[in-house]
Amino acid sequence: MAWFKKVRKPIEAQADKPSRVPEGLWVKCPTCSKIIYNKDLAASLSVCPHCAHHFRLNATDRLRSLFDDERWEEHDPGLVSIDPLDFVDTKPYRVRIEAGIAATGLKDAIIVGTGRIERLETVVAAMEYGFIGGSMGVVVGEKITRAIERAIERRLPIVIVSCSGGARMMEGTLSLMQMAKIGAALARLDRAKLPYVSVLTDPTTGGVTASFAMLGDVNIAEPKALIGFAGPRVIEQTIRQKLPEGFQRSEFLLEKGMIDAIVDRRELKATIGRALRFGGAVAAAPPVPAAEPVVSITQT
Ligand SMILES: [Zn+2]
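Now for a look at the structure at hand. Quantities reported herein were computed from a predicted structural model and do not represent experimental measurements. (Residues numbered from 1 in each chain as written. Predicted model: local features only at pLDDT ≥ 70, side-chain atom pairs only at ≥ 80, totals over all residues. Heavy atoms only, no water.)

A short note on helix α2 (residues 59–66)
Next, step 1: If you check which residues of α2 are buried, you get Ala59, Arg62, Leu63, Ser65 and Leu66. One face of α2 carries all of its buried residues, which in axial projection span an arc of 160 degrees.
Next, step 2: Turning to α2, the residues buried within the fold contact β4 (110–117), β5 (120–127), β6 (158–164), β7 (196–204) and α9 (265–278). (Buried < 20%, exposed > 50% of the residue type's maximum accessible area, 1.4 Å probe, protein only. Helix = DSSP H or I, 4+ residues; strand = E, 2+ residues; numbered from the N terminus. Arc of directions from axis to C-beta. Contact = heavy atoms within 4.5 Å.)

Pasting the structure below:
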C-alpha cells in the first residue's frame, strides 16, 4: 500500500497553446556549457566562439564552408542503394534508407561536387553522418570513385571530408570492397600526379579510416575528432591492456604521427588551399573583363 495518495489532479498541460520561445534558437555547448545564439554559431562554422568546440557539420554546410561561392556543380545526386542482400536486422535496410532520405534530403551518405576553394577548381566529397551514420555502402564507394576519376579526367585536385561510422554492414562484403575500389582509384590519381587532401572529422572510424581517409597526400583532422578503426572496448578486450588517455583523438594521433595536422575549422579552407597549391594545383584564371567596345572614329 502506498503511504501517500495524490488527492488533487495535476494541472494539465495546455497542448494547443503554442510556446512563445521559438525552437532551436539557442544551442548549449557540450564542452563549456555556454549558451550560444544559433546565428552566431552558424557564422563561426558551427565552432563554439567561447571554447572552440567543433559541432558536427552536415555535408551541405561543409561544402558551403569550403567553396568560395554558391557556384558549384553537384555530381551523381541520383544514385540510390538497391538493398542487394535484402537485409533485415532490427528493421529492414530498405526502411533505414527511406528514413535516411527523409532525414537528410539526400539519396545516400555523401555529396560530391566541383567548385572553387581559394580560387582553385577542386572536386570535393563530403560525407553526411545523418544518413545511417555516414556509413559507406556501394553508393558512397561509387560516388567517391567517380569523383576521383572525374578529377583525373579534368586534371583537378580532390578533397574528401570523412565523417563516418565505417563500412555499411547491411551491404555485407559489397561495402567492404569499396575500400579496395577507392584505394585503386587513388593510386591512379597518384600516378596522374594530382593532389588529394583528406579531412578527418568527428567521427572517422572503421573501413573509412582503414582506406581512403588515411591515404591523403596530406591528412588533416579537426580538433578532438574521434578517429580510429575498431572501438576502444574491442581493442582492450583483444590486447588485454588499458588504453591510454585521449586514445583515438586527433591530438593523440598527431603525436603518434598518424595524421599530419590538426586544423581549426575556421582555418580549414585556407589550409586546404595552401596544401593544394603546394601539391601543384593552379588557380583558375580570373574572369576576363568584358572588352571595351572599339569605337572607330572615321574622319571625313
Ligand atoms: Zn563551448
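Describing the packing of aromatic side chains
Next, step 1: Counting across every chain of the model gives three aromatic pairs.
Next, step 2: Centroid distance tryptophan 26 to tyrosine 37: 5.1 Å. Interplanar angle 45 degrees. Geometry classified as tilted. Linking tryptophan 26 in strand β1 (residues 26–28) with tyrosine 37 in strand β2 (residues 35–37), this pair joins segments that are eleven residues apart in sequence.
Next, step 3: Given a relative accessible area of 27%, tyrosine 37 falls into the partly exposed group.
Next, step 4: Seen in terms of ring centroids, phenylalanine 247 and phenylalanine 252 are 5.9 Å apart; in terms of plane orientation they differ by 70 degrees. Their pairing is edge-to-face.
Next, step 5: Residue class for phenylalanine 247 comes out partly exposed when judged on its relative accessible area of 24%.
Next, step 6: Here phenylalanine 252 falls in the buried class, since its relative accessible area comes to 18%.
Next, step 7: Directly above the aromatic system of tyrosine 129 lies the positively charged group of arginine 56, at a separation of 4.1 Å from the ring centroid. (Phe/Tyr/Trp six-rings, centres within 6.5 Å; stacked < 30°, edge-to-face > 60°. Lys NZ or Arg CZ within 6 Å of the ring centre and 35° of its normal.)

So, the nonpolar core
Next, step 1: Counting residues in hydrophobic clusters, the biggest one holds 36 residues, and the most contacted among them are Ile144, Ile148, Ile158, Leu189 and Phe212.
Next, step 2: Every element with two or more residues in this core is listed here: α3 (93–104), β4, β5, α4 (138–154), β6, α5 (172–191) and β7.
Next, step 3: A total of five residues in this core trace back to one element, the largest contributor, which is α4.
Next, step 4: In terms of nonpolar packing, the next biggest core, distinct from the first, is built from 21 residues, Leu66, Phe67, Ile111 and Ile272 among them. (Core = buried A, V, L, I, M, F, W, Y, C linked by side-chain atoms within 4.5 Å.)

Describing a nonpolar patch on the surface
Next, step 1: A contiguous nonpolar patch, built from Leu25, Trp26 and Ile35 and spanning about 310 Å² of accessible area, is present on the exposed surface.
Next, step 2: The topology assignment puts isoleucine 35 in strand β2. (Patch = residues over 30% accessible without salt bridge, like charges linked within 9 Å, V, L, I, M, F, W, Y side chains within 5 Å. Areas by Shrake-Rupley, 256 points an atom, 1.4 Å probe, with all protein chains shown as cover. Salt bridge = Lys/Arg side-chain N within 4 Å of Asp/Glu carboxyl O.)

So, the sheet that holds β5
Within a beta sheet, neighbouring strands are joined by backbone hydrogen bonds and run either parallel or antiparallel to one another.
Next, step 1: The seven strands lie next to each other as β3-β4-β5-β6-β7-β8-β9, forming an open sheet whose pairing is mixed. Where the open sheet ends on each side, the last strands, each with one partner, are β3 (73–75) and β9 (261–262).
Next, step 2: Examined bridge by bridge, β4 and β5 share eight bridges and lie antiparallel to one another. The residue of β5 that forms the bridge with glycine 113 is valine 124. (Pairing = 2+ DSSP bridges.)

Purely geometric numbers; function is a separate question.
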